[in-house]
Amino acid sequence: MEVKKKILATTALDLSWGDSQEEIVFLGEWCKRYSMKNLWSSREHRTIDYHWANRKKLAIDHTYLESLNEKLLKELTSFLNQYHGLNKSESYWRIIIGPWLLIYISVIWDRWEAITSAINLNEKIETYFIRDALLRSPPKDFVEFREAHDSDIWNHSIFAEIIENRSSNNIKTKIINIELSKKLLSSKKIKLTLRQRILRYFAYKADAFFQFFSSNDQEILFFHTYFPRKALIYFYLKLRVLPRWHALLKEPFEYTDSKDRTNLKFEKLIGKNRFEKYLFQNIFKDIPIAYLEDYKSIKERTKNIVNAKKIFTANAYIANEIFKIWSAEQTSSGAKLIISAHGGAFYPLFNNFDLEDKIADCRIVWGQEWLQTQTRMPPNKLYYKAKDYQQERNVLFVDYETTRYGFRCFSVPVGPLVLEVFNQNKIFLESLETKIFKNLKVRPKALGSWETKQRYIDLFGKDIITNEPTILKDFESSRIVICCYPQTSFAESMYSGIPSILLLKKGIWECQSIYDELFIELEEAKILHFDPQDAAKHIAHIYESPELWWDSQKVLSARKKFEEICLTITDNPKDNWVNFFKNIDSR
């Protein structure tokens, strides 16, 4: 009897899946796009388990990768200084390349370990490489890299390189010549709406007007702060600073093409294992143009931006290359970089190798600190309070999603683990009583990588999806809010005062140890649930009069403890911030 050929599919590029009569071994759930279900569901197939589903492995990998990140940062500091003829500090280069580096290392390790899982099957497998998908160009910047690492084309190239590098006897490779569509090969371009273009035009004009009257040396620069506009205007008045939009920090940069990087290499760095050797060889192929070919041009542009003694941001330090290079230059001259949390509730145990705490002079968190570099302040993003709560409204279910491919060594459900959360959510929704289900709306995350919105529609009908444009609009029409991830949306819901429930998939949400006792109290008060059917029973119990439960003594105690640990609630939060900005120099 002839043994059926097994094809290893590394991505969702179905042109590499072989003949329809062959068995597919999917490298991961990312290969099986929901919108392509008709292509793979009829095929004989199986899927390799995701390596970071093993949370002990995640913890071990995090320790290793964090150490490797520091090692590589040191070597890249030396390399970049030599490449650009500079003598900048490690802290300077961490601000610029740190966000990209920590993700790049984690992504390559994640893909490496996926291939390890395939090799460990100890089965004879064949895999096809599409020639057009093997060549990749360096990303222009962090934003383009972020888009690439969740794309099938980029990952097909990475997986192919890793398989070739490892030369496993049980994986046979073959290059196939198939023309890919232009849509697959082109990158996405973000288009502004007419309203956004109009607002941008007037913002530029206003910024130019205030620039005429303001000094080139500012006491504080606010950029991408997450503060409401009214709060920002209040700060400008109290601090006696002219409002600025800082158009030069937002102006798109026209990147050049990358040059030949064949001869770029580390002089002394030697990998201690096969993975590190591969990583060190390929990092120069993938490092963004913003840090090599166009670094000097971006730096030249930053000379036209004001100088600032203090810089405050919530998220510009991640992906805005102009801001990062400008702020690195400013901090080198003595400016203080203040980075605020751009989300909150329960902070993950593993997250970004503590990048924010390493690059900031002061790191703002919304609740209790867990590192000495942190300062506790009122949330800059939470401002909605339910003023007209009515028990006859809808039940809101806030969905969770992240990228299709794993992208960080991060103690939350990443990559295929998103489906574990979705499957638990499905059980929860199916367990609800009919009258409750009819009044429930799901708010999917806008990312769309796992197509959870369409999954909900196919399972429960299109009417289950909310039509509200923002989550705050959804809050206004909700009697109960259920969140399935313990971060910003849950903080917003708890802060609003609307009866709130947190449904988590147990074992894949590791958080800082400062929350351990709070988790127990929230579970005892039935705010926190790990069992979807128990959560559905609790909703049925409180549905008619949620406030009776929400205002009971045990729940009030748990809510108070949540605010004490996860949020900072004060009578005058804006004045607290003004005093902080005035006194930051003395910290």
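Only a predicted model underlies this, so the values are computations on that prediction, with no experimental measurement involved.

### Points about the overall build of the protein
Here's step 1: A tally of helices and strands in the protein yields 24 helices and 15 strands.
Here's step 2: A globule of 587 residues ought to have a C-alpha radius of gyration of about 25 Å, and the protein, at 25 Å, matches this closely.
Here's step 3: Within the protein, buried positions represent 56% of all 587 residues.
Here's step 4: Within the protein, contacts between residues at least 6 apart in sequence are counted, and of these 75% link residues at least 24 apart.
Here's step 5: Surface summary for the protein: the accessible area is close to 27600 Å², and the carbon and sulfur share equals 49%.
Here's step 6: Of the side chains in the protein, 86 bear a positive and 76 a negative charge, and the two mean positions are spaced by 3 Å.

### Observations concerning the side chain of Arg 43
Here's step 1: With respect to the element layout, Arg 43 can be found in the loop between helix H1 (37–40) and strand S3 (45–47).
Here's step 2: The side chain of Arg 43 is buried and forms no salt bridge, while Glu 22, the nearest opposite charge, is found at 5.0 Å.
Here's step 3: At 3.2 Å, the side chain of Arg 43 forms a polar contact with the backbone oxygen of Ser 20.
Here's step 4: For Arg 43, the contacting residues outside a window of four places in its chain are Trp 17, Gly 18, Asp 19, Ser 20, Glu 22 and Ile 24.

### Here's the deal with helix H15 (residues 417–431)
Here's step 1: Over its 15 residues, H15 extends 22 Å from the first C-alpha to the last, a length consistent with the 21 Å expected when each residue adds 1.5 Å.
Here's step 2: By the burial criterion, the buried members of H15 are Leu 417, Val 418, Leu 419, Val 421, Phe 422, Gln 424, Asn 425, Phe 428 and Leu 429.

### A closer look at the packing of helix H20 (residues 516–524) against helix H23 (residues 553–566)
The description of two packed helices rests on the angle between their axes and on the distance between the axes.
Here's step 1: Interhelical geometry of H20 versus H23 gives an angle of 155 degrees and a closest axis separation of 9 Å. On the basis of the axis angle, H20 is roughly antiparallel to H23. For the crossing formed where H20 meets H23, the hand is left-handed. On H23, the residues that touch Glu 517, Leu 518, Glu 521, Leu 522 and Glu 524 of H20 are Lys 554, Ser 557, Ala 558, Lys 561, Phe 562, Ile 565 and Cys 566.

### Things to note about unusual backbone geometry
Here's step 1: The phi torsion at Ser 167 lies on the positive side, around 45 degrees, for a residue other than glycine.
Here's step 2: Structurally, the position occupied by Ser 167 is in the loop between helix H5 (152–166) and strand S5 (171–176).
Here's step 3: Located in the positive-phi region is Tyr 226, a residue other than glycine, with phi close to 75 degrees.
Here's step 4: Inspection of the secondary structure puts Tyr 226 in the loop between strand S6 (217–222) and helix H8 (229–239).

### Focus on the environment of Ala 12
Here's step 1: Following the sequence through the fold, Ala 12 ends up in the loop between strand S1 (6–9) and strand S2 (23–26).
Here's step 2: Residue Ala 12 is classed as buried on the basis of its relative accessible area, which comes to 4%.
Here's step 3: Residues Ala 12 and Glu 369, spaced 357 residues apart in sequence, show a C-alpha to C-alpha distance of 42 Å.
Here's step 4: Those residues in contact with Ala 12, other than ones at most four positions away along the chain, are Trp 17, Trp 30, Cys 31, Arg 33, Met 36, Asp 152, Arg 404 and Tyr 405.

### Here we look at the nonpolar core
Here's step 1: With 171 residues, the main nonpolar core has Phe 346, Phe 428, Ile 527 and Phe 562 as its most contacted residues.
Here's step 2: Among the elements that line this core, the one with the most residues is helix H3 (residues 90–119), at 19 residues.
Here's step 3: Leave out the neighbours within four places in its chain, and Phe 562 touches Ala 345, Phe 346, Phe 490, Ala 491, Met 494, Leu 518, Leu 522 and Leu 567.
Here's step 4: Listed in part, the 19 residues of the second largest apolar core include Leu 232, Tyr 236, Leu 239 and Ile 584.

### Topic: the sheet that holds strand S10 (residues 374–376)
Here's step 1: One open sheet holds the five strands; their spatial order is S6-S7-S8-S9-S10, and the pairing between them is parallel. The two strands at the open ends of the sheet, each matched to only one other strand, are S6 and S10. The average angle at which neighbouring strand axes cross in this sheet is 20 degrees, direction not considered.

### Looking at the sheet that holds strand S13 (residues 478–483)
Here's step 1: Taken together, the five strands give an open sheet; going across it, the order is S12-S11-S13-S14-S15, and neighbouring strands pair in parallel fashion. With one partner strand each, in any of the chains shown, strand S12 (440–443) and strand S15 (528–529) form the two edges of the open sheet.
Here's step 2: Pairing of strand S14 (residues 500–503) with S15, which is carried by two bridges, proceeds in the parallel orientation. Of the residues in S15, the one forming a bridge with Leu 503 is His 529.
Here's step 3: Where H15 meets the sheet, it contacts strand S11 (394–398), S12, S13 and S14, and its direction lies at approximately 130 degrees from that of S14.

What counts and what doesn't
Residues numbered from 1 in each chain as written. Predicted model: local features only at pLDDT ≥ 70, side-chain atom pairs only at ≥ 80, totals over all residues. Heavy atoms only, no water. Helix = DSSP H or I, 4+ residues; strand = E, 2+ residues; numbered from the N terminus. Rg over C-alpha atoms; globule rule 2.2 N^0.38 Å. Buried < 20%, exposed > 50% of the residue type's maximum accessible area, 1.4 Å probe, protein only. Contact = heavy atoms within 4.5 Å. Areas by Shrake-Rupley, 256 points an atom, 1.4 Å probe, with all protein chains shown as cover. Lys, Arg positive; Asp, Glu negative; His and termini not counted. Charge placed at Lys NZ, Arg CZ, Asp CG, Glu CD. Salt bridge = Lys/Arg side-chain N within 4 Å of Asp/Glu carboxyl O. Polar contact = N/O pair within 3.5 Å; in protein donor to acceptor, adjacent residues only side chain to side chain. Expected span 1.5 Å × (residues − 1). Axes fitted to C-alpha atoms, helices over the stretch in contact; angles between N-to-C directions. Parallel < 35°, antiparallel > 145°, perpendicular 65-115°, else oblique. Left-handed = near helix turned anticlockwise from the far one by under 90°. Core = buried A, V, L, I, M, F, W, Y, C linked by side-chain atoms within 4.5 Å. Pairing = 2+ DSSP bridges.

Purely geometric stuff here, so don't read any function into it on its own.
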